[in-house]
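# Structural characterization, general
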Amino acid sequence: PKIVNVASMAGKLRQLSPALQAQFASDTLDRNRLVSLVENFVAAVQSGRHKEMGWSNSNYGMSKLALIAFTRLVAREEPTIQVNACCPGYCRTDMSSNRGGQDPSVGARTVA
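Being a predicted model, the structure only gives us computed values, none of them experimental.

### Quick word on the overall build of the chain
- Along its length, the chain carries four helices and two strands.
- In the chain, the succession of helices and strands from N to C terminus is β-α-α-α-β-α.
- Each principal axis of the C-alpha distribution contributes one length, and for the chain these read about 40 × 40 × 20 Å.
- Counting across all 112 residues of the chain, residues that qualify as buried make up 30%.

Structure, rendered in structure tokens:
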């Protein structure tokens, strides 16, 4: 069995403070803690204090960072399943207003 999550280079840890980076990258991160971290991000954004609290200013980047963290923990939990995350690259799609540098078929090959 195989699971492939479509992430993005926008999900880099460096968008967070070092303390938050350590939490997301922890080898002991579990589902409950990941959910708690994401809920903390949402609350911080709602309060308007997310940047001063060490969070990213990118909702998209945070969603991909959380997906990558989730991918890592599922890979630890399910050693008999091949679990990966990949970035298809900057493709010409509606999401990029068709400004991406490559055809979506190239990005799809990354996933496959």
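### Points about the nonpolar core
- Formed by 15 residues in total, the largest nonpolar core has its most connected members in Leu16, Phe24, Leu29, Leu34, Leu37, Trp55 and Met62.
- For this core, the secondary-structure elements that each account for two or more residues are α1 (18–25), α2 (31–47) and α3 (59–77).
- Discounting residues that sit within four places of it in the chain, Leu37 has contacts with Leu20, Gln23, Phe24, Leu29 and Trp55.

### Brief notes about the packing of aromatic side chains
- Counted by the stated rule, this structure contains two aromatic pairs.
- Centroid distance Phe24 to Trp55: 6.2 Å. Interplanar angle 90°. Geometry classified as edge-to-face. A residue pair is termed long-range when its members are at least 10 positions apart, and Phe24 in helix α1 and Trp55 in the loop between α2 and α3 qualify at 31 residues. Neither residue differs from the other here; Phe24 and Trp55 are each classed as buried.

### Comments concerning the pattern of salt bridges
- Overall, the coordinates contain four salt bridges when judged by the stated rule.
- With its nearest N and O atoms 2.7 Å apart, the salt bridge here joins Arg31 to Glu77. Placement of Arg31 in helix α2 and of Glu77 in helix α3 is noted, with a sequence separation of 46 residues between them.

### With respect to the side chain of Ser8
- With respect to the helices and strands, Ser8 occurs in the loop between β1 (2–6) and α1.
- Here the side chain of Ser8 touches Ala10 through a polar contact of 3.0 Å, landing on its backbone nitrogen.
- Leave out the neighbours within four places in its chain, and Ser8 touches Tyr60, Lys64, Ile68, Cys86 and Cys87.

### Digging into the environment of Val4
- Within the secondary structure, Val4 sits in strand β1.
- Distance in space between the C-alpha atoms of Val4 and Ile81 is 11 Å, their sequence separation being 77 residues.

### Thoughts on the packing of α2 against α3
- Viewed as axis vectors pointing N to C, α2 and α3 meet at an angle of 170°, and their least axial separation amounts to 10 Å. The angle between α2 and α3 places the two elements in the roughly antiparallel class. Of the residues in α3, those touching α2 at Arg31, Leu34, Val38, Phe41 and Val45 are Asn59, Met62, Ala66, Ala69, Phe70, Leu73, Val74 and Glu77.

### Some remarks on unusual backbone geometry
- Here the phi dihedral of Ser97 falls at roughly 55°; this positive angle occurs in a residue that is not glycine.
- Here Ser97 lies in the loop between β2 (82–86) and α4 (104–111).
- By relative accessible area, which is 49% here, Ser97 ends up partly exposed.
- The phi dihedral of Asn98 is positive, around 60°, even though this residue is not glycine.
- Topologically, Asn98 is positioned in the loop between β2 and α4.

Reading the values: the criteria
- Per chain, residue numbering runs from 1 following the sequence as it is written.
- Predicted model: local features are reported for residues with pLDDT of at least 70 only, side-chain atom pairs are reported and counted for 80 or more only, and whole-chain, interface and lining totals are derived from all residues.
- Water and hydrogen atoms were dropped before computing side-chain values, which therefore reflect all heavy atoms in the structure.
- Counting from the N terminus, the helices are DSSP H or I runs at least four residues long and the strands are E runs at least two residues long.
- Residue exposure (1.4 Å probe, protein chains only): buried if accessible area is under 20% of the type maximum, exposed if over 50%, otherwise partly exposed.
- To qualify as a nonpolar core, a set must consist of buried Ala, Val, Leu, Ile, Met, Phe, Trp, Tyr and Cys residues joined through side-chain atoms within 4.5 Å.
- Two residues form a contact once any of their heavy atoms are found within 4.5 Å.
- Pairing of aromatic rings covers Phe, Tyr and Trp, the last counted by its six-membered ring, and requires centre-to-centre distances within 6.5 Å; plane angles under 30 degrees mean stacked, over 60 mean edge-to-face, and any other angle means tilted.
- Salt bridges are identified by distance alone: a Lys or Arg side-chain nitrogen within 4 Å of an Asp or Glu carboxyl oxygen.
- Polar contact is defined as a pair of N or O atoms within 3.5 Å, subject to the rule that within protein one atom must be able to donate a hydrogen and the other to accept it, and that residues adjacent in sequence are counted only when both atoms are side-chain atoms.
- Only the stretch in contact is used when a helix axis is fitted, and all axes are lines through C-alpha atoms; the angle between N-to-C directions ranges over 0 to 180 degrees.
- Roughly parallel means an angle under 35 degrees; roughly antiparallel means over 145; roughly perpendicular covers 65 to 115; every other angle is labelled oblique.

Remember, this is a structural readout, not a statement about activity or role.
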